[in-house]
Amino acid sequence: MRLATVEGTAGSRLHVWARGGYVDLATGSGDESLATLAGFLAGGAAAREVAEALRAEAGAAVADSALGPAVPAPPRVFCLGLNYRAHAAEGGREAPSWPEIFVRSTSSLVGPFAPLVRPALTDRFDFEGELGVVIGRRARYVHAADALATVAGYVVVNDATARDWQRAASQWTPGKNFDGTMPVGPELVTADEVDPGDLAITTTVNGTVMQAARTSEMLVSVAEAIEFLSSFTTLLPGDLIATGTPAGVGFARTPPVWLEPGDVVEVTIEGVGTIRNVVAEERHGPTAWRWRP
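Report follows, based on the coordinates.

Cut-offs used in this document
Residues numbered from 1 in each chain as written. Predicted model: local features only at pLDDT ≥ 70, side-chain atom pairs only at ≥ 80, totals over all residues. Heavy atoms only, no water. Helix = DSSP H or I, 4+ residues; strand = E, 2+ residues; numbered from the N terminus. Rg over C-alpha atoms; globule rule 2.2 N^0.38 Å. Buried < 20%, exposed > 50% of the residue type's maximum accessible area, 1.4 Å probe, protein only. Contact = heavy atoms within 4.5 Å. Areas by Shrake-Rupley, 256 points an atom, 1.4 Å probe, with all protein chains shown as cover. Lys, Arg positive; Asp, Glu negative; His and termini not counted. Charge placed at Lys NZ, Arg CZ, Asp CG, Glu CD. Core = buried A, V, L, I, M, F, W, Y, C linked by side-chain atoms within 4.5 Å. Salt bridge = Lys/Arg side-chain N within 4 Å of Asp/Glu carboxyl O. Phe/Tyr/Trp six-rings, centres within 6.5 Å; stacked < 30°, edge-to-face > 60°. Lys NZ or Arg CZ within 6 Å of the ring centre and 35° of its normal.

### Some words on the overall build of the chain
Phase 1 of the analysis: When its secondary structure is counted, the chain shows seven helices and 17 strands.
Phase 2 of the analysis: Scaling as 2.2 N^0.38, a compact globule of 293 residues should have a C-alpha radius of gyration of about 19 Å, and the chain matches this with 19 Å.
Phase 3 of the analysis: Across its three principal axes, the chain shows a C-alpha extent of roughly 55 × 45 × 35 Å.
Phase 4 of the analysis: The buried share of the chain, taken over its 293 residues, is 49%.
Phase 5 of the analysis: Restricting to contacts in the chain with at least 6 residues of sequence separation, those with at least 24 account for 75%.
Phase 6 of the analysis: Total accessible area on the chain stands at roughly 12900 Å², and carbon and sulfur atoms take up 53% of it.
Phase 7 of the analysis: Considering the chain, the positive charge centre built from 23 side chains and the negative charge centre built from 34 side chains are found 5 Å apart.

What follows is the structure, given as structure tokens:
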């Protein structure tokens, strides 16, 4: 099953891919609680049955530009850093012996075909194609063997980064949290349709392949990431986990490849889909921030 957030005059509403297009879950079922992903996840098995039934209906075409983030309002966005050995090595780092975790804000999320906003305060804007995991139910102290049962589905993510801000201090938060820098989508593909263990992941910039790997190369698997995260916090329905990027990012190239306005970045994950974003300049100009020691 494929679920999409469609933005229109009535706001953002959850749709399911049906015959030839999308069907509004709430309108099609008469249950307004299914208008959002949060409501759908809260509805559990009953909501899934409704969505399955609506897949037999005739759907309507939706423009790419109308698709919002497939996970529009996650309670948290957890991200794994350095989760591919080759990516750690290209940055001169050893593979971590403990999962590297940072958190993104929801204001950094944008739609799968929306402009990817290059912050006005950086000229070192980089791409990071990743597999995203969406949690489907509350989970605490989950063993890896049982972890995939907590997953609602999978999405494609570009964890785009302002490298100068990321590396200015020991904490990565600023460089990872500029508004409009994390496209998510194009759809949430439910867990019954995807085995995350060995998927091809590819990132291109202006048609040139920059990253090409398989999720089997991850140091911390999807199941292990859920086990680790649920060891220190209760995972909530809708939580998004970005599982790390493979080698090939811009900063590690000679010369470096930084994203410029007009560049087209595509991330494709086997069985999940493709997001495509054109880099745009931030409209709101540089702030007055300067470092004052």
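### Some points on the side chain of Arg 118
Phase 1 of the analysis: Counting through the fold element by element, Arg 118 comes out in strand E7 (residues 116-118).
Phase 2 of the analysis: Taking the relative accessible area as the measure of exposure, Arg 118 reaches 10% and is therefore buried.
Phase 3 of the analysis: If sequence neighbours within four positions are ignored, Arg 118 has contacts with Phe 125, Leu 259, Glu 260, Pro 261, Val 279, Ala 280, Glu 281 and Glu 282.

### Side note on unusual backbone geometry
Peptide bonds are, in most cases, trans, and in most cases residues other than glycine have a negative phi.
Phase 1 of the analysis: The omega angle of the peptide bond from Gly 185 to Pro 186 is -5°, so this bond is cis rather than trans.
Phase 2 of the analysis: Relative to the helices and strands, Pro 186 is located in strand E12 (residues 182-190).
Phase 3 of the analysis: Positive phi, close to 55°, is recorded for Leu 82, a residue that is not glycine.
Phase 4 of the analysis: Mapped onto the elements of the fold, Leu 82 is located in the loop between strand E4 (77-81) and helix H4 (85-90).
Phase 5 of the analysis: On the accessibility criterion, Leu 82 (10% relative accessible area) is buried.
Phase 6 of the analysis: Positive phi values are uncommon outside glycine, yet Tyr 141 reaches one of about 50°.
Phase 7 of the analysis: Structurally, Tyr 141 is set in the loop between strand E9 (129-135) and helix H5 (144-147).

### Some words on the environment of Gly 44
Phase 1 of the analysis: By the secondary structure assignment, Gly 44 is in helix H3 (residues 44-54).
Phase 2 of the analysis: As for Gly 44 and Ala 152, which are separated by 108 residues in sequence, their C-alpha atoms are 10.0 Å apart.

### A short note on the nonpolar core
Phase 1 of the analysis: Leu 3, Leu 25, Phe 40, Val 155, Met 182 and Val 184 are the most contacted members of the largest nonpolar core, which has 32 residues in total.
Phase 2 of the analysis: Broken down by secondary-structure element, the contributors of at least two residues to this core are strand E2 (11-17), helix H2 (37-42), H3, E4, strand E10 (151-158), E12 and strand E15 (240-242).
Phase 3 of the analysis: Among all residues touching Met 182, those that are not within four sequence positions of it are Val 77, Cys 79, Arg 104, Ser 108, Leu 109, Val 110, Val 157, Asn 158, Asp 159 and Ala 242.
Phase 4 of the analysis: Counting residues in hydrophobic clusters, the runner-up holds 31 residues, among them Val 133, Ala 139, Val 194 and Leu 235.

### A short note on the pattern of salt bridges
Phase 1 of the analysis: Counting across every chain of the model gives 17 salt bridges.
Phase 2 of the analysis: The residue Asp 192 makes a salt bridge to Arg 48 at a minimum N-O spacing of 3.5 Å. Residue Asp 192 is found in the loop between E12 and strand E13 (200-205), and its partner Arg 48 is found in helix H3; the two are separated by 144 residues along the sequence.
Phase 3 of the analysis: On the accessibility criterion, Asp 192 (52% relative accessible area) is exposed.
Phase 4 of the analysis: Across the pair Arg 55 and Glu 52 runs a salt bridge, and its minimum N-O distance is 3.0 Å.
Phase 5 of the analysis: Through salt bridges with shared partners, one network takes in Arg 104, Asp 126, Glu 128, Asp 159, Arg 163 and Lys 176.

### Observations regarding the packing of aromatic side chains
Phase 1 of the analysis: For the coordinates displayed, the defined rule picks out five aromatic pairs.
Phase 2 of the analysis: For the ring pair Trp 98 and Phe 228, a centre distance of 5.5 Å and an interplane angle of 85° mean the geometry is edge-to-face. Residue Trp 98 is located in the loop between H4 and strand E5 (100-104), and its partner Phe 228 is located in helix H7 (residues 222-232); the two are separated by 130 residues in the primary sequence.
Phase 3 of the analysis: Under the relative-accessibility criterion, Trp 98 is labelled exposed at 62%.
Phase 4 of the analysis: By relative accessible area, which is 18% here, Phe 228 ends up buried.
Phase 5 of the analysis: Pairing Phe 102 with Trp 172 gives two aromatic rings, centres 5.5 Å apart and planes at 55°, and the pair type is tilted. Of this pair, Phe 102 sits in strand E5 while Trp 172 sits in the loop between helix H6 (163-167) and E12, and the two are 70 residues apart along the sequence.
Phase 6 of the analysis: Sitting over the face of the ring of Tyr 141, Arg 140 holds its NZ or CZ atom 4.2 Å from the ring centroid.
Phase 7 of the analysis: One cation-aromatic arrangement involves Arg 167 over Phe 251; the distance from NZ or CZ to the ring centre is 4.0 Å.

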